[in-house]
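Take a look at the letters that make up each chain.
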Amino acid sequence: MKTLFRLLLCFFFSAAFQISSYGQPEITTYDSLLGTIFPKDGPGGTVLISKAGKILFNKAYGKANLELNVPMRTDHVFRLGSVTKQFTAVCILKLVEEGKLSLEDQLIKFIPDYPLNGKKITIANLLTHTSGIKNYTGLSAFNENLKRQDLSPKELIALFKDQPLDFEPGSNYKYSNSGYVLLGYIIEKLSGRTYGEYVQKNIFEPLEMSNSYHDERVKVIPERISGYRKRNGRYENSEFLSMTLPYAAGSLLSTTGDLLKWYAGLEDGKVINKASLELAQTSWHLANGKEIGYGFGWEIGNIQGSKAIKHNGIVNGFFTDVIYLPAEQIFVSILANYENIGDLDISVAKLAAIALGRPYIFNAKVIEPAALQQYQAVYSNPYEGERYITNQDGILMYYYKGGGKTRLMPYGTDIFLLENSLNSLMFKRDGKGTINGYQIKGTGITSTWKKSTGIPLINRISLSSQILIRYTGKYLFEPNMLFEVILEKGKLFGRVGNDQKELIPFEENKFYANDMDATIIFNRNKSGQTTSLTKIQNSEMTAKKL
């Protein structure tokens, strides 16, 4: 009977989403790319790619359960994490269409005792992460003990409601799960149902998403799989998390097949109307005019020039990522039961670009080190401050003050790829051919930067091992951070724990860090002995040599 039921499910699914006779080269490309993502003999995931209702690729990788050695199947059920937010946003828009609330309604209309001290936070602010309300998962109260407790929505809100706002509502963007907890509570107040019941009755059942659920610890959920992480080189079960805590910000479960039904149902206007959907999938703007690249429950970006809406989700044991190109109706979803799998945003973007017929190709170009000097400068943006580009031993490095450095890889005339991303810096020149700024183009919104000031060239100098060895040893930053300086193969390195970075000399006692914007100055006494070091990185700190 169970086998017959599965066959019937396969028949109906195939009828709803016709499987395309897609070219074998593309399938091989998908499989090759995904084979580098999922670990061998470890936890895995499921991947579904479709275009205009036709399934191009549908495959499972790895294990659903390591202890029982159960292979992954495409119908297995995963935690969605923050992909939940798009469902919550659509529920709010459905209530707006029913006249039960407005996007401009203030939070205190629904929670009168919420302490805002005269500040005005709207429903739209909650949807777009522009409310300024602190993210409760970043609070010290959100500790290992709390993660094991089942909390009601009111108890969850009590965790953060008395915290001061991070900024004036509407003036900035900062991702906050707290806003979506409040939205879930408002859905419950207006509908008279729990959040899970409302989603089930208004989304899952109408769209026949029979493998989608609101996660509950005690409920037996068919095909729900285990979640894992890797620590100290070994796989282990993910840490426990009461799924009352993610709530309307991250508590739903689904499959890649059901998520395809979700996007098809939205496209067909089965849940909310087209005008509401367009609003949800349009990038919001701050009061100062800055575009934030986020709508209502979706990030807004592009794949090779085509509009893309997307979101990922990270929750104990799971990492999920979904992207959709509305104009081409291209859908890509990766659901993984391995929280350490890495950033899946690049992977789903690459898969979508292949389905689009415009894959990402970056052919490296060789540029003489001296020619890189013309790009070295400070660049500014009215919304995001300053960025630094320096010519570091024949390699362009990109960073903000005090931050980590990212290598810029040349692949065209005045075009560089930000390493480990799909974002390109495209430099602009004035009428005289002088560099005067750049644009960053990638999978997000495009940003423009103007050249503001030059940076003097700092050249690496050569120091003998006899000089470098004077600086080796252990240094203590108060109150208890140990910084170790070691010499390996004629090069000096700074180490904190397992993190090690090369220190490059530009004066006899002055070094810069290879991978971050930090300067190290070794301080010596009158006898020439090294007594301490000073680290300059945003602020200045001194560590005594032990």
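For the structure, see preceding data.
Reference entry: report on the structure contained in this document.

Thresholds, definitions, all that
- Residues numbered from 1 in each chain as written.
- Predicted model: local features only at pLDDT ≥ 70, side-chain atom pairs only at ≥ 80, totals over all residues.
- Heavy atoms only, no water.
- Pairing = 2+ DSSP bridges.
- Helix = DSSP H or I, 4+ residues; strand = E, 2+ residues; numbered from the N terminus.
- Axes fitted to C-alpha atoms, helices over the stretch in contact; angles between N-to-C directions.
- Phe/Tyr/Trp six-rings, centres within 6.5 Å; stacked < 30°, edge-to-face > 60°.
- Lys NZ or Arg CZ within 6 Å of the ring centre and 35° of its normal.
- Buried < 20%, exposed > 50% of the residue type's maximum accessible area, 1.4 Å probe, protein only.
- Core = buried A, V, L, I, M, F, W, Y, C linked by side-chain atoms within 4.5 Å.
- Contact = heavy atoms within 4.5 Å.
- Salt bridge = Lys/Arg side-chain N within 4 Å of Asp/Glu carboxyl O.
- Parallel < 35°, antiparallel > 145°, perpendicular 65-115°, else oblique.
- Left-handed = near helix turned anticlockwise from the far one by under 90°.
- Nonpolar A, V, L, I, M, F, W, Y, C, P; charged D, E, K, R; others polar.

**Describing the sheet that holds strand 19 (residues 424–429)**
Part 1: Taken in spatial order, the eight strands line up as 14-15-16-17-18-19-20-21 and close into a barrel, and their pairing is antiparallel. Recorded for the sheet is a direction-independent mean angle of 35° between the axes of neighbouring strands.
Part 2: Note that strand 16 (residues 395–399) and strand 17 (residues 406–412) share three bridges and pair antiparallel. Each residue of the ladder has a partner; that of Met 397, found in strand 17, is Arg 407.

**Focus: the packing of aromatic side chains**
Any aromatic ring pair is given by two values, namely how distant the centres are and how the planes are angled relative to each other.
Part 1: Under the criterion given, the structure shown has 32 aromatic pairs.
Part 2: The residue whose ring lies beneath Lys 85 is Tyr 180, and the NZ or CZ to ring-centre distance is 5.8 Å.
Part 3: Here the basic side chain of Lys 230 rests over the ring of Tyr 235, its NZ or CZ set 4.9 Å away from the ring centre.

**Focus: the pairing of strand 17**
Part 1: Where strand 16 folds back onto strand 17 in an antiparallel hairpin, the turn is made up of six residues, including Gly 402, whose phi is positive at roughly 85°.
Part 2: Bridge count for strand 17 against strand 18 (residues 415–418) is four bridges, and the pairing is antiparallel. Note that in strand 18 the partner of Met 409 across the bridge is Leu 417.
Part 3: Two successive antiparallel strands, strand 17 and strand 18, enclose a turn made up of two residues, where Asp 414 displays a positive phi of approximately 60°.

**Re the pairing of strand 15 (residues 385–392)**
Part 1: Along strand 15, six of the eight residues are buried, which leaves the element largely enclosed by surrounding structure.
Part 2: Summarising the sheet, strand 14 (residues 377–381) and strand 15 pair through five bridges and their orientation is antiparallel. Note on strand 15: the bridge partner recorded for Ala 377 is Ile 389.
Part 3: Between strand 14 and strand 15, which pair antiparallel and follow one another directly, the connecting turn spans three residues.
Part 4: Pairing geometry for strand 15 and strand 16, over five bridges, is antiparallel. When the sheet's bridge partners are listed, Gln 392 is paired in strand 16 with Ile 395.

**Looking at the nonpolar core**
Part 1: The biggest cluster of nonpolar side chains holds 79 residues, and the ones touching the most others in it are Phe 87, Leu 107, Ile 123, Ile 203, Trp 262 and Trp 298.
Part 2: Core analysis: the second largest hydrophobic core is formed by 32 residues, Tyr 30, Leu 33, Tyr 61 and Leu 356 among them.

**Topic: the environment of Ser 447**
Part 1: By the element assignment, Ser 447 lies in strand 21 (residues 447–454).
Part 2: Owing to a relative accessible area of 14%, Ser 447 belongs among the buried residues under this scheme.
Part 3: Placed 84 residues apart in sequence, Ser 447 and Thr 531 show a C-alpha to C-alpha distance of 45 Å.
Part 4: Look past the residues within four positions of Ser 447 in its chain and what remains in contact with it is Asn 381, Glu 384, Tyr 438, Gln 439 and Ile 440.

**Comments concerning the pattern of salt bridges**
Two side chains bearing opposite charge may form a pair once their charged atoms approach each other closely.
Part 1: Evaluation of the coordinates by the stated rule reveals 27 salt bridges.
Part 2: Between Lys 134 and Asp 166 there is a salt bridge, with its nearest N and O atoms 2.5 Å apart. Of this pair, Lys 134 sits in the loop between helix 4 (123–127) and helix 5 (153–158) while Asp 166 sits in the loop between helix 5 and helix 6 (177–191), and the two are 32 residues apart along the sequence.

**Focus on the sheet that holds strand 25 (residues 499–507)**
Part 1: Reading around the barrel, the eight strands line up as 22-23-24-25-26-27-28-29 and close back on themselves, with antiparallel pairing between neighbours. Direction aside, neighbouring strands of the sheet carry axes that sit 30° apart on average.
Part 2: Taken together, the six bridges between strand 28 (residues 530–537) and strand 29 (residues 539–545) define a ladder with antiparallel strand orientation. Bridging across to strand 29, Thr 534 finds its partner in Thr 542.

**Some remarks on the packing of helix 3 (residues 84–97) against helix 6**
Part 1: For the pair helix 3 and helix 6, interaxial distance at closest approach is 10 Å and the crossing angle is 40°. It follows from the interaxial angle that helix 3 and helix 6 lie oblique. Of the two elements, helix 3 crosses helix 6, and the hand of that crossing is left-handed. Counting all contacts with helix 3, which are made through Lys 85, Thr 88, Ala 89, Cys 91, Ile 92 and Leu 95, the residues of helix 6 involved are Asn 177, Tyr 180, Leu 183, Gly 184, Ile 187 and Leu 190.
Part 2: Here the residues of the contact of helix 3 with helix 6 are counted per class, giving eight nonpolar, three polar and one charged.

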